[in-house]
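# Notes for the structure review
Given next are the chains, with one letter for each unit.
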Protein chains: 2
Amino acid sequence: MHRRRTVEQAMRAACARAGFGEVMTPTFEHADLFTLRSGQAVIDEMYAFRDKGDREMALRPEITASVIRFYVNEMSNLPKPLKLYYLGNCFRYENPQSGRFREFFQLGAELIGSKNPESDAEIIALAVNCVKASGLKDYVVRVGHIGILKSLVQAEIDDKKAAAEVLRMIDKEDFDAIGDMFDARAIPRKLFDRILAIAETRGGSEVLERLDKSEASDYLREIFVNLKLHGIDDCQVDLGIVRGLDYYTGMVFEIDAPCLGAEKQIMGGGSYTLSELFGGEPVFSTGFAIGIDRVMLALFKEQPEDEYSLVDAYVIPAKDDMREHAISMVAGLRSAGIRADVDLMRRSMSKNLKYASAIGARYAIIVGSKEMAEQSVTLRDMLSGDQRIIAIEQISEEITKLL
Amino acid sequence: MHRRRTVEQAMRAACARAGFGEVMTPTFEHADLFTLRSGQAVIDEMYAFRDKGDREMALRPEITASVIRFYVNEMSNLPKPLKLYYLGNCFRYENPQSGRFREFFQLGAELIGSKNPESDAEIIALAVNCVKASGLKDYVVRVGHIGILKSLVQAEIDDKKAAAEVLRMIDKEDFDAIGDMFDARAIPRKLFDRILAIAETRGGSEVLERLDKSEASDYLREIFVNLKLHGIDDCQVDLGIVRGLDYYTGMVFEIDAPCLGAEKQIMGGGSYTLSELFGGEPVFSTGFAIGIDRVMLALFKEQPEDEYSLVDAYVIPAKDDMREHAISMVAGLRSAGIRADVDLMRRSMSKNLKYASAIGARYAIIVGSKEMAEQSVTLRDMLSGDQRIIAIEQISEEITKLL
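As the structure is a prediction and not an experimental result, all values here were calculated from the model. (Residues numbered from 1 in each chain as written. Chains lettered and ligands numbered in written order. Predicted model: local features only at pLDDT ≥ 70, side-chain atom pairs only at ≥ 80, totals over all residues.)

### Notes on the overall build of chain A
For clarity, the threshold we go by: Only runs of H or I of at least four residues qualify as helices and only runs of E of at least two qualify as strands under DSSP, and these elements are numbered from the N terminus. With the radius of gyration taken over C-alpha atoms, the globule rule is written as 2.2 Å times the number of residues to the power 0.38. Partly exposed residues are those falling between the two cut-offs: more than 12 but fewer than 20 other C-beta atoms within 10 Å of their own, whereas 20 or more means buried and 12 or fewer means exposed, with C-beta atoms placed from the backbone. Here, residue contact means that the backbone-derived C-beta atoms of the two residues sit within 7 Å.
The helix and strand inventory of chain A stands at 14 helices and 17 strands. Computed over its C-alpha atoms, the radius of gyration of chain A comes to 28 Å, more than 25% above the 22 Å expected for a compact globule of 403 residues. Across the 403 residues in chain A, those meeting the buried criterion constitute 43%. For chain A, contacts bridging at least 24 residues in sequence account for 69% of all contacts bridging at least 6.

Here you go:
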């Protein structure tokens, strides 16, 4: 929890530096909200239930839909662009496995009301800065543009359903299935080769030079120019990112932590329009969501848990008549900002030292009657075992110095 | 959200200084867990649902039961006492009203494995220090001992159900109902007078002197001695706190924010045993839960929201060819820890200044071509309207100094 909270705080700070304000939305909403965004298929993966008013509710599978609903209901008159972020738990009804929990946490951001390469780069930069802030060393940022493949597929395949199916297969990298479908429908093999060539366009920003000139490829080039201005120059191009969801409109991007293997994706995002689904005016948005649990898994793989102790100083009364002195002392240490604890079990000295060691207390302060008579206590370094006498009035200052 | 997160962080810090470690438990659990603790009646107030495996689940109405389940399953072998705290959302199915939301947040702590006045005082002190840390000025801490009334009622009324009913009526301060019941059952009026006298025992710690000597009253006196050692000397005695729940065993306490009126209670706690209900060995515990939403309501009553701006510096390119300079500049400001934003809408100067003012940006930085040629920008104080030219390399340092 300590490490997780530290990571969350670092990500929040990155959002705040970029001028994003935090919002919070309810843990469950009308199930419609999520099916409107993600399609009926999401129902099977949701924790849906009827409440006592017989309304179909669902524990949120993601938070973007709630933020946009919130925007449509309460914030649509605020000056644009609106920069919002959130950190909350989400739920999916699937067999749990490593990196796919039934309850999981996402930190995400939405930039609402502007559509241009600067805005998309701003969102990518924020996602990268959040991941950096977590302390993760090894991650890969891949940026694509859904318009390049989408416009090709939609222009060449008239049947809308078939076109959508092809995009889904591209997203799953199931090119054999595309080949089979093309053969069955007698779609020319040439289109297949062009799709494959684009979907396999991956590499450093230099591959952008090889792309045919189009609105989408120009836009993507501009994003990469802007990312450089943000000090981010290690993003990969990946035109194979398509995403099954219909609502992505242009830039799409993902971050992976390769050490996680099959479940390596720790972030997904892109530009989209969604508000009109919830009854709002159409508005361009761009955003992302980071899977905090996966980031934590990756961090633990990169660097196993450090020893973490909850207590800087553990105060031990040498005898029962020193108990009250010990309690006032621990209150004083806490007021000075030291994480301090005191014997609450009326234990013997040796049992107290054993407990202090078990909880990893850095120092023990032994309150004995002889020392107390001289306004002193014994300060014991629990790592080295060294002990020395120290004046009571200096104890907070001394421990603060030592920590 | 900013104020809420600040309050949460301050409370977390108070828990950490007292040597408590944070735990997190799932948002929903088997409904049994909560009915075991709180009785079947709680079902009507819970968001309960059957999952796809036909299990009766419930969104948690409180978090103590989950923490104790966690303790029984995973932590029962850890050295005692265990000091745990949590911060999370809970749910109740009631008509929402001010201070009673369907989704609400609690910060709570449990001290597991020790039963003595020092431990109870430690928990009371932590609750008080959390409330203090929130910045709330006007609050009342009331401490009682359930044993004083409970032992009297149980000793004098043989019928267990009737005794429990009397305790429930005391908790609701419905003394008329007790009178009626006593009349109906021909219970002597004398007992009623004794119950009333105890239930109405309220006041400063001096009222403790008036109590008959008993195990419970001695224990309560010791708690007040210990609270003084913690630097807490403004707690009230209130022997009328009983709580309907069967599982409280001794000390009980509450904190009120009087400005909230009818829903003034912002914290409830006491000592209890619970683990045996979940299949664990019996273990004494003492804990509390603070209602964060009510604390926030009270804080806003005491001090209306301060102006809060998300942006320290808003960077405006004077012309389109200054856009890239503006974006690198904002990236530099953010790296220096400044909350900075930049025009993402390609707006005119006047519209940008209007937007900067609307979002409450403290400073605007205008990037013009003439100034850029001299490696300078214009720094505008958005409150006073004062402008001055400043060297680019000094901009982060200068703004940090000004903030």
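On we go from here.
### Some points on the sheet that holds strand β9 (residues 236-238) of chain A
All names here are of chain A. Under the convention used in this document: Strand pairing is defined by DSSP finding a minimum of two bridges between the two strands. Axis angles are defined between N-to-C directions and span 0 to 180 degrees, where every axis is a line fitted to C-alpha atoms and, for a helix, only to the segment in contact.
Spatial ordering of the open sheet is given by β1-β5-β6-β12-β11-β10-β7-β9-β8, a layout of nine strands whose pairing is mixed. Taken across any chain shown, the strands that pair with only one partner, and hence form the sheet edges, are β1 (21-22) and β8 (202-203). Relative to strand β6 (residues 103-112), strand β5 (residues 82-91) is paired through 10 bridges, and the arrangement is antiparallel. Within β6, the residue paired with Leu87 across the bridge is Leu107. Contacts from helix α9 (residues 215-229) reach β7 (140-145) and β10 (248-256), with the element oriented near 150° to β7.

### Topic: the sheet that holds strand β11 (residues 265-273) of chain B
Residue and element names in this part refer to chain B. Taken in spatial order, the nine strands make up an open sheet running β1-β5-β6-β12-β11-β10-β7-β9-β8, and their pairing is mixed. Where the open sheet ends on each side, the last strands, each with one partner, are β1 (21-22) and β8 (202-203). As defined by bridge partners, strand β10 (residues 248-256) adjoins β11 across six bridges and the pair is classed as antiparallel. Bridge assignment links Ile255 to a residue of β11, and that residue is Met267. Relative to the sheet, helix α10 (residues 292-302) contacts β6 (103-112), β11 and β12 (284-291), its axis offset from that of β12 by approximately 45°.

### Brief notes about the interface of chain B and chain A
For the record, the criterion: Basically, the charged four are Asp, Glu, Lys and Arg, the nonpolar ten are Ala, Val, Leu, Ile, Met, Phe, Trp, Tyr, Cys and Pro, and anything else, Gly included, counts as polar.
Taken together, the contact between chain B and chain A spans 48 residues of the former and 48 residues of the latter. Examining the composition of the side of chain B that touches chain A, we find that five residues originate from one element, helix α11 (residues 323-335) of chain B, more than from any other. Here the side of chain B that touches chain A is built from residues that sort into 22 nonpolar, 12 polar and 14 charged.

### Some details on α10 of chain B
Residues and elements named next belong to chain B. Test applied: To obtain the arc, one takes the directions from the helix axis to the C-beta atoms.
Every buried residue of α10 is accounted for by Ile292, Arg294, Val295, Ala298 and Leu299. Buried residues in α10, looked at end-on, bunch into an arc of 160°, giving them a common side. In this fold, the buried residues of α10 make contact with α1 (2-17), β6, α4 (117-134), β11 and β12.

### Re the domain arrangement of chain A
Just so we agree on the cut-off: Reported domain spans reflect what an automatic or database domain assignment gives.
Domain annotation for chain A reports domain 1 (2-302) and domain 2 (313-402). Of note, the centres of domain 1 of chain A and domain 2 of chain A, computed from C-alpha atoms alone, are 53 Å apart.

### Here's the deal with the relation of the copies chain B and chain A
Worth spelling out the cut-off: We superpose the copies by least squares over the C-alpha atoms of residues that have a pLDDT of at least 70 in both of them.
When chain B is fitted to chain A, the best match, at an RMSD of 0.1 Å, comes from turning it 180° and sliding it 0.0 Å along the axis. Expressed as a symmetry operation, the mapping of one chain copy onto the other fits a two-fold axis. Closest approach to the rotation axis within chain B is made by the C-alpha atom of Phe49 of chain B, at a distance of 3.1 Å.

### Some points on the packing of helix α2 (residues 31-38) of chain B against helix α3 (residues 64-75) of chain B
Residue and element names in this part refer to chain B. Stated precisely, the cut-off is as follows: By the definition adopted for this analysis, an angle is roughly parallel if under 35 degrees, roughly antiparallel if over 145, roughly perpendicular if from 65 to 115, and oblique otherwise.
Orientation of α2 relative to α3, taken along the N-to-C sense of each, is 105°, at an axis distance of 9 Å. By the angle between their directions, the pair α2 and α3 is classed as roughly perpendicular. Counted together, Leu33, Phe34 and Arg37 of α2 and Ala65, Ser66 and Arg69 of α3 form the full contact between these two elements. Of the residues assigned to the contact of α2 with α3, the class counts are three nonpolar, one polar and two charged.

### A closer look at the nonpolar core
Heads up, the rule is: Here, a nonpolar core denotes buried Ala, Val, Leu, Ile, Met, Phe, Trp, Tyr and Cys residues that are linked to one another through C-beta atoms within 7 Å.
The biggest cluster of nonpolar side chains holds 175 residues, and the ones touching the most others in it are Ala127, Val131 and Ile290 of chain A together with Ala127, Val131 and Ile290 of chain B. Contact partners of Val131 of chain B, with chain neighbours within four places excluded, come to Leu136, Tyr139, Ile255, Ile266, Met267, Ile290 and Val295 of chain B. In terms of nonpolar packing, the next biggest core, distinct from the first, is built from 31 residues, Val311, Tyr355, Val367 and Leu379 of chain B among them.

### Remarks on unusual backbone geometry
With an omega dihedral of -5°, the bond running from Lys80 of chain A to Pro81 of chain A counts as a cis peptide bond. Along the chain, Pro81 of chain A turns up in the loop between α3 (64-75) and β5. Of note, the phi angle at Ala186 of chain A is positive, near 55°, even though the residue is not glycine. Within the secondary structure, Ala186 of chain A is located in the loop between α7 (175-185) and α8 (189-199). We note that Asp54 of chain B has phi near 60°; this positive angle belongs to a residue other than glycine. By secondary structure assignment, the location of Asp54 of chain B is in the loop between β3 (48-50) and β4 (56-59).

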